[in-house]
Amino acid sequence: MKTLNQEQAKKITDRVLSLSKADECTVQIGGSRVGNVRFARNSVSTAGLTEDMQLVVRVAFGKRSGTAVINEFDDKSLERAVRRAEELAKLAPENPEFMPAIAKQEYRATNTFVTKTAAIDPDFRADVAATAIELARKNKLVTAGFFTDRTSFTTIANSNGVFGHQDFTDLSFSLTARTEDGRGSGWVTRSAVDAARFDAREASEVAIEKALRSVEARALEPGRYTVILEPAATSEILGNMFSAFDARSADEGRSFLSKAGGKNRLGDKLFDSQVNVWADPWDKDVPVSPWDEESLLARERTQLIKDGRIASLDYSRYWAQKMGKRATAGHGNMIMEGGTKSLEELIAGTKKGIVVTRTWYIRMVDPQSLLLTGLTRDGTFYVENGKIKYPLKNFRFNESPVTILNNIDELGKPQIIGGDEVPFQMVLPPMKVRDFNFTSLSDAV
């Protein structure tokens, strides 16, 4: 990929805007270079590098809009894309909730690019795989894993003078380690913007230790237990809740934040007082784009939950205008405040409980209470008198993140959680929670 710098990207967006004859025009350019290595059964199976760049042009005549996407950037291709978008706009029906292009915004740059991550090469990826595979063989385990790194950029512009350009890097790693007979399984995930903060050996050792510990799992009667949930165990569960702060859904009676009479729960105390959650595009651990790529509104630090109370709701431009509120940009990350204790210290302070490494196959049961169902996997352990006593067979659970965050006993030191499985880049603490509802056993390892 020929990465475009700000000057090069602006030249293209200016050209597209000058070609448009519509009432308004918005341009977005995005490009990425993604490297990966995948391994299974202690052997590399695939490795590759993909590069792509595309331009999206959206135009509008009144409340009729059209969009065209191209991956060619010569003048003729740019003009064809603009004309095509205009043709589609003239054919489209009027959108009753149409919002005009936003006015010029001030975007404060975020630290989303690290040179060390951008310099990751095939040797680096091979070393990650080799580290995991060698440790597994040493411990007579079988591994499967995936490492990916990304260098990308995005540029936005519109006919009202909006312009923004941002460069990004990130990496992610996941590893499953299993005993050769398939009776024990461990898992780990890591994400980072800066490659200097990623240690393949440390991550692999976590999965390997869990795999070795999880052999000879015992059955425990389903019921309500004190649980110690690792961040990966709550990331998708909490992600479902963090994605449900939409003011319109709450006002229209369609969410857990709805009240009778078309009201919402802004200001209400719904969680334990230890719960504090915010979004911050400039967070040092999970920085994100300074604008929301859907609305192009500038992002800002936003408190969602303060001392257990609902501190803010998300207003789209349309719903904000209808309700007389201020529109807000969509969040790119979520950060939850934690404590200072490690996972091991939380375990040491537990008289009786269950450690959950990971949850998966999570499905919605009831949107208005956010009741979810899912399964534990890859390392579930029984704790007694501050020590892990033995591995447990996996459980199915029925639980709501609202209930989980009401039943917190203690929070640990937050960790970065990212990857394709979660809706946001997140920083979450391990948490000790009482009365977690396990409903049945699962024979899956």
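The structure presented is a predicted model; accordingly, all values stated were derived computationally and were not measured.

Caption draft 1: Representation of the pattern of salt bridges within the structure. Scanning the model with the defined rule gives 26 salt bridges in all. Two residues, Asp181 and Arg183, come together in a salt bridge whose shortest N-O distance is 2.6 Å. Its relative accessible area of 47% is what places Asp181 among the partly exposed residues. Here Glu252 and Arg248 are joined by a salt bridge, their closest N and O atoms 3.1 Å apart. By relative accessible area, Glu252 is classed as partly exposed at 38%.

Caption draft 2: Fine view of unusual backbone geometry. Positive phi values are uncommon outside glycine, yet Arg41 reaches one of about 50°. As for its placement among the helices and strands, Arg41 is situated in the loop between β1 (24-40) and β2 (43-61). In the Ramachandran plot, Asp307 falls in the positive-phi region, its phi being about 50° despite a non-glycine side chain. Tracing the backbone shows Asp307 in the loop between β11 (302-306) and β12 (309-310).

Caption draft 3: Spotlight on the nonpolar core. Membership of the largest hydrophobic core comes to 50 residues, with the highest contact counts inside it found for Met241, Phe256, Phe271, Met336 and Leu405. Element by element, the count of residues in this core is highest for helix α6 (residues 231-242), at five residues. Here Met336 is in contact with Leu238, Val275, Asn276, Val277, Leu405, Ile408, Leu411, Pro414, Val427, Leu428, Pro429 and Met431, once residues within four sequence places are set aside. Of all hydrophobic cores here, the second largest spans 24 residues; its members include Phe39, Leu171, Phe173 and Ala195.

Caption draft 4: Focus on the domain arrangement of the protein. As assigned here, the protein comprises domain 1 (6-211) and domain 2 (217-444). Here the C-alpha centre of domain 2 lies 25 Å away from the C-alpha centre of domain 1. The interface is formed by 32 residues belonging to domain 1 together with 31 residues belonging to domain 2. Taken over both partners, the interface formed by domain 1 and domain 2 buries close to 2,700 Å², and the fraction arising from carbon and sulfur atoms is 59%. Three residues stand out in domain 1 for area buried against domain 2, namely Met99, Trp187 and Lys210, and they jointly supply 23% of the buried area on that side. At the boundary of domain 1 and domain 2, one finds three salt bridges.

Caption draft 5: Here's a closer look at the sheet that holds strand β3 (residues 64-70). Strands sit in the order β3-β2-β1-β4-β5-β6 across an open sheet of six strands; the sheet is antiparallel. Each edge of the sheet is formed by a strand with only one pairing partner; in this case those strands are β3 and β6 (185-192). Here the strands of the sheet are splayed against their neighbours by 15° on average, with no regard to which way each runs. Across eight bridges, the pairing between strand β5 (residues 163-179) and β6 is antiparallel. Directly across from Phe173, in β6, lies its bridge partner Arg190. Here helix α5 (residues 200-213) sits on the sheet and contacts β4 (141-158), β5 and β6; the angle it forms with β6, its principal contact strand, is near 160°.

The rules behind each value
- Residues numbered from 1 in each chain as written.
- Predicted model: local features only at pLDDT ≥ 70, side-chain atom pairs only at ≥ 80, totals over all residues.
- Heavy atoms only, no water.
- Salt bridge = Lys/Arg side-chain N within 4 Å of Asp/Glu carboxyl O.
- Buried < 20%, exposed > 50% of the residue type's maximum accessible area, 1.4 Å probe, protein only.
- Helix = DSSP H or I, 4+ residues; strand = E, 2+ residues; numbered from the N terminus.
- Core = buried A, V, L, I, M, F, W, Y, C linked by side-chain atoms within 4.5 Å.
- Contact = heavy atoms within 4.5 Å.
- Domains from an automatic or database assignment.
- Buried area = accessible area lost by both parts, 1.4 Å probe.
- Pairing = 2+ DSSP bridges.
- Axes fitted to C-alpha atoms, helices over the stretch in contact; angles between N-to-C directions.

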